[in-house]
Amino acid sequence: MPGTALAQEAPEVQAVLDNIWVFIAGCLVFFMQAGFALVEAGLTRAKNVVNIFAKNMADAIIGILAFFATGYALAFSSGNDFFGTDGGSFFMNDLDINALGGSGVINLSHGTFFFFQAVFAATAVTICSGAMAERTKFVSYLIFGVVMCAVIYPVVVHMTWGGGFIANISIGDAVYSDFAGSGVVHMTGGVAALVGAFLVGPRKGKFAEDGTPRAIPGHNVPFAIVGVFILWLGWFGFNPGSELAADNLVTGIALNTILAAAAGGLATTVLIWVKTGKPDIAFIGNGVLAGLVAITGPCGTATPIMSIVIGAVGGIIVVFAVLFFDKIKIDDPVGAISVHGVVGIWGVLSIGIFAKYDDAFLGRDDAGLIYGGGFEQLAVQFLMVLTIIVWVGVASFAVFSALKATLGLRVSEEEEIGGLDIPEHGMAGYTADATA
Amino acid sequence: MPGTALAQEAPEVQAVLDNIWVFIAGCLVFFMQAGFALVEAGLTRAKNVVNIFAKNMADAIIGILAFFATGYALAFSSGNDFFGTDGGSFFMNDLDINALGGSGVINLSHGTFFFFQAVFAATAVTICSGAMAERTKFVSYLIFGVVMCAVIYPVVVHMTWGGGFIANISIGDAVYSDFAGSGVVHMTGGVAALVGAFLVGPRKGKFAEDGTPRAIPGHNVPFAIVGVFILWLGWFGFNPGSELAADNLVTGIALNTILAAAAGGLATTVLIWVKTGKPDIAFIGNGVLAGLVAITGPCGTATPIMSIVIGAVGGIIVVFAVLFFDKIKIDDPVGAISVHGVVGIWGVLSIGIFAKYDDAFLGRDDAGLIYGGGFEQLAVQFLMVLTIIVWVGVASFAVFSALKATLGLRVSEEEEIGGLDIPEHGMAGYTADATA
Amino acid sequence: MPGTALAQEAPEVQAVLDNIWVFIAGCLVFFMQAGFALVEAGLTRAKNVVNIFAKNMADAIIGILAFFATGYALAFSSGNDFFGTDGGSFFMNDLDINALGGSGVINLSHGTFFFFQAVFAATAVTICSGAMAERTKFVSYLIFGVVMCAVIYPVVVHMTWGGGFIANISIGDAVYSDFAGSGVVHMTGGVAALVGAFLVGPRKGKFAEDGTPRAIPGHNVPFAIVGVFILWLGWFGFNPGSELAADNLVTGIALNTILAAAAGGLATTVLIWVKTGKPDIAFIGNGVLAGLVAITGPCGTATPIMSIVIGAVGGIIVVFAVLFFDKIKIDDPVGAISVHGVVGIWGVLSIGIFAKYDDAFLGRDDAGLIYGGGFEQLAVQFLMVLTIIVWVGVASFAVFSALKATLGLRVSEEEEIGGLDIPEHGMAGYTADATA
């Protein structure tokens, strides 16, 4: 994730610029919360819309406070291979939040670095929200969210960007590469989403008795697509901001990002149009998101043409992944497991695959980015994928199972049929005169 | 409001960066207009939604033009204790809009400084819109908006950030502190909103004959919560931008802002859940906003932990304030008086309270920020609150009363029952095939 | 379009800042896609809302990929008067995307400059979408979009900002001026929209047998006005970003932009209120957009007061233009031809008109901006308008006619009456429980 500030003159102006830029990028990432909420709300039913917005608002609230309490310390303090043990920085205690470069990451202060990392943490937990929509108990979801942002996600960050277990794997010259987090963020969210969706079970009516999946149409296409636009915008903070500096590489990363998104959208459009005879807008939106998830890892090391290929493959994978999960009766109302989990794996692996064939793939060696390439690189990326799946899978299975056994994961059948909004939140999302 | 540009080398690059950053922050503040419109629309009824968007669009139009015509000159020209008398700058006449540092505020040009201040002015007037929703005459609202942005708000700014009456109060070492305007902006809006809501009277059906308040549910929860997300995003311009420079303190201010918002949301969630048995999403949204309003004043001087406390107390106050105004039969459909007025007071006073106990509270002495602390500080903050209440209360009472006596403040009973959209604007917000 | 970086010290920090700023401006322009989608959706009927979002999402996808494939090379490669012939840069082939100043435009790298120009291209094509809404075949629209972004629009850019045909016209001292593209972008989109709307024909029911136009109300006013706010925000990237550098002039351009928008909104409000007795919110939104389109060309050379005049005249023109197109039976559901085409012409001409009378109109001579003024300037601006009308008119007529003769431009009568969403995309925009 860290980059190279090219400019050397005027060090303080450069340092301030680094911090201001990464903060602005963080604002764009923060705004993704609204995008996630709109996509999820748009693709589900009106009777659950209050619950969906409540969960997404809670993700932001919990994500930030939990990451402040323990997440930041566990992720970035010096410590062992799995988490920081420097408890002194829980609650950012005794940290100077303002000193330029104080975080130890290029010129970033703790204030800047925390802000940027905390909005990433909020993103990771939000991914689960969509996959478990329309039948999960609010209180259980909240408790999982706290554990996710306080422990599960920070451990993944510590293992990678924090210099821990995964960062220490090397095969030949190859070390892991995941620039902005196809694996660290999206796959982490996607794996937890899969475990959650599996344990909470499918929505009533999603699968016929013989297992045939039925489409449950969302209630508001405009919400879903505005949400996709907001997420696409937010990704211009997510990926270029992960350079963690204002330098000449930032906008090349942005270029890769916008191309992969468009390519993902185009590939899905063509595939779904050929397959079903119609350009399905919900799939197209997910194709754009798949392009974005795919390029999140390679965006700092890919060429523009490679970014188009990586994004397009992401857009194809997401279609088959959605059909696959339907087939194995995992009910994911918004396709979050496919978009973030499966395509997240693709993003991580693509670095290994394309590093082999493309000489223009940059070998940036000053920041833990790839310099080996070839088969060794692919092998390291595989180990990264496995490690994250094992850790997040086991940890989220433990938490969700404990919740299922105690508070329960799922609302009552009556609540599910009538919608979660009135029983869980005491109000409907729309009142009767909404169209009057 | 002004800050300290830490960097000294490369003065012109720094100066340009200061201007670009404050402009970007201003763009985020501008976008808050959409957030206010969505929150207000979401929490009211569909039959008035056109009127609500018309008012909010008018706020932006009027706010900018009125602040250009007279507001900027009254607020920031040299003059007496209450307003600038340097009439030469009405309509920014004869000002060089481009010269770096030309505004006299650090490195900001008049172009930059006006942009940032004008979007603040638009915010101040928008606050009234919500409290007077669903029964106020459009034309009367517009006239009030003009006076607010042309005179009432600029006088408050002149008394404080402009170096006038309030800025000249000192008790011992203590002078007023209100970094980004818990008092200057939000309390000003909130006091005018209270006067307006009082004079226009409650909506039909809000209070039973015996005075019992009835809930009138809003028509679109997604609008309201997307609005809260947009406002939260906008606050990352509002507060950190108020540093008025790109320096190392900007992101610490952002950190305080995001923590207080989350803490406000959490405190409201817990309180309302315990009180009513349900996590009411409208209250939670207002809790986030309360956290943001509360930290607006102290964000430049608080520590992160103090920011959490200040935000959480704001989130608690807002619940009781909403119940209080229901009790005294002030009908505020969106809770604007509570969020901006009451919590705005809390934000101003919190500076005095916490300065006393927290040594880590920064003493920044170069910009009228607090350096005294303790009881004297609290006393100065009290005087600030009183001054704003008296000025804004009297001035807005005069304007609203004059409007009531002439054009009338309120639509006819028939228009109110049928909704303001057709009689006031000639169209419905939604057509019959909205869900077809 | 190019500007003057004032700062000279610390060249690399300045260069990085230039790139970061223009990229951030490009992000705001990108977000305009969501604004266009919301305005168009809000002002049309619910039965076509999926189609509208699909077109706008496709515009972004196609715009970026087509501009990457050929548009960027045609627009900015050295070549003849009409397009770049340096085929080596198709697909940005062999370009170093990261080198500061590598694009040859001030300090911008190819990565930055492409990003900013590609989101402009996406804007140009989106304008057509609104004018042809509710009856155009999806596949035909897509094909036109590809040609527009791959060829038609890039040729306009090459003729102007690329230093081609229009840039080489001079009368006396006067050369063309169109800072951010009232002509290059908006008029181009508007002319294509006019041709498209003419060839596809009016919607069923828009004109009575005797030719009397009937209002077909949009289905969602909140969408339309939130869209206007997003577009207004995006214009703070569109215009100030067109300085293509971070310098002291950026925020003066922003000041001109915000004033013209407000003035356009105010002028439309007054005019429509006087004319019809009601402040029609759809017209007011278009008035704001008209102010923005009008100032897009002059924003780099106008004074603030002139910006208000230019914006206000734009807001008046748009009302009469909408009525005019109704009269000649061109059906433009959202007013795009009036807002972008007619007011775009006004923006270009205003530079000639006001240059004559206003000495404060800046004479910036280092970047092809106006320095002649007076009648000669007006004449050059006229020639620019004519050239764009001829090229875009002929080219888009050819493409749309070919599509009409082959695939067909228009959906079947049955599909139009029932709405395009189910037959074209296989899903409705809203499901039955949308308000339940």
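Residues numbered from 1 in each chain as written. Chains lettered and ligands numbered in written order. Predicted model: local features only at pLDDT ≥ 70, side-chain atom pairs only at ≥ 80, totals over all residues. Heavy atoms only, no water.

## Digging into the packing of helix α5 (residues 182-200) of chain B against helix α11 (residues 374-405) of chain B
All names here are of chain B.
In step 1: Viewed as axis vectors pointing N to C, α5 and α11 meet at an angle of 40°, and their least axial separation amounts to 9 Å. When the axis of α5 is compared with that of α11, the two are oblique. For the crossing formed where α5 meets α11, the hand is right-handed. Contacts between α5 and α11 involve Gly-183, Val-184, Met-187, Thr-188, Val-191, Ala-192, Val-195, Gly-196 and Leu-199 from the former and Met-384, Val-385, Ile-388, Ile-389, Val-392, Gly-393, Ser-396, Phe-397, Phe-400, Ser-401 and Lys-404 from the latter. (Axes fitted to C-alpha atoms, helices over the stretch in contact; angles between N-to-C directions. Helix = DSSP H or I, 4+ residues; strand = E, 2+ residues; numbered from the N terminus. Parallel < 35°, antiparallel > 145°, perpendicular 65-115°, else oblique. Left-handed = near helix turned anticlockwise from the far one by under 90°. Contact = heavy atoms within 4.5 Å.)

## With respect to the side chain of Asn220(B)
In step 1: Mapped onto the elements of the fold, Asn220(B) is located in the loop between α5 and α6 (221-241).
In step 2: We classify Asn220(B) as buried; its relative accessible area is 6%.
In step 3: Ignoring sequence-local partners within four residues, the contact set of Asn220(B) consists of Phe223(A), Gly429(A), Tyr430(A), Gly42(B) and Tyr430(B). (Buried < 20%, exposed > 50% of the residue type's maximum accessible area, 1.4 Å probe, protein only.)

## Considerations on the relation of the copies chain B and chain A
In step 1: Superposing chain B onto chain A requires a rotation of 120° together with a translation of 0.0 Å along the rotation axis, leaving an RMSD of 0.0 Å. Such a turn and shift between the copies fits a three-fold axis.
In step 2: With a heterologous cut-off of 20% or less, the 16% of interface residues of chain B that recur at the interface of chain A puts this contact in the heterologous class. (Least-squares fit on C-alpha atoms with pLDDT ≥ 70 in both.)

## What about the pattern of salt bridges?
In step 1: By the definition in use, this model includes 21 salt bridges over all chains.
In step 2: For the salt bridge of Glu40(B) with Lys55(B), the shortest nitrogen-to-oxygen distance reads 3.2 Å. Here Glu40(B) is found in helix α1 (residues 11-42), whereas its partner Lys55(B) is found in helix α2 (residues 49-76), with 15 residues between them in sequence.
In step 3: Take Glu40(B): its relative accessible area is 2%, and that puts it in the buried class.
In step 4: Judged by relative accessible area, which is 1%, Lys55(B) ranks as buried.
In step 5: Within this structure, Arg45(A), Glu134(A), Arg203(A) and Asp331(A) form a network of salt bridges that share partners. (Salt bridge = Lys/Arg side-chain N within 4 Å of Asp/Glu carboxyl O.)

## Structural notes on the interface of chain C and chain B
In step 1: Listed as interface residues are 58 residues of chain C and, on the opposing side, 56 residues of chain B.
In step 2: With both chains or domains summed, chain C and chain B bury close to 4800 Å², and 82% of this area falls on carbon and sulfur atoms.
In step 3: Looking at the side of chain C facing chain B, the largest losses of area belong to Pro222(C), Phe229(C) and Thr251(C), adding up to 13% of the total buried there.
In step 4: Joining chain C to chain B, the criterion identifies zero salt bridges.
In step 5: Here chain C is connected to chain B by six residue pairs in polar contact (both at pLDDT 80 or more). (Buried area = accessible area lost by both parts, 1.4 Å probe. Polar contact = N/O pair within 3.5 Å; in protein donor to acceptor, adjacent residues only side chain to side chain.)

## Description of the interface of chain B and chain A
The figure often quoted for interface size is the accessible area lost as the parts come together.
In step 1: Listed by partner, the interface residues are 58 residues for chain B and 56 residues for chain A.
In step 2: Broken down residue by residue, the surface that chain B buries against chain A is led by Pro222(B), Phe229(B) and Thr251(B), which jointly contribute 14%.
In step 3: For the pair chain B and chain A, the number of links is zero salt bridges.
In step 4: Along the contact surface separating chain B from chain A lie six residue pairs in polar contact (both at pLDDT 80 or more).
In step 5: Looking at the side of chain B that touches chain A, the elements that each hand over two or more residues are α1, α6, α7 (250-276), α8 (281-296) and α9 (304-327) of chain B.
In step 6: For the side of chain B that touches chain A, the residue count by class is 43 nonpolar, nine polar and six charged. (Nonpolar A, V, L, I, M, F, W, Y, C, P; charged D, E, K, R; others polar.)

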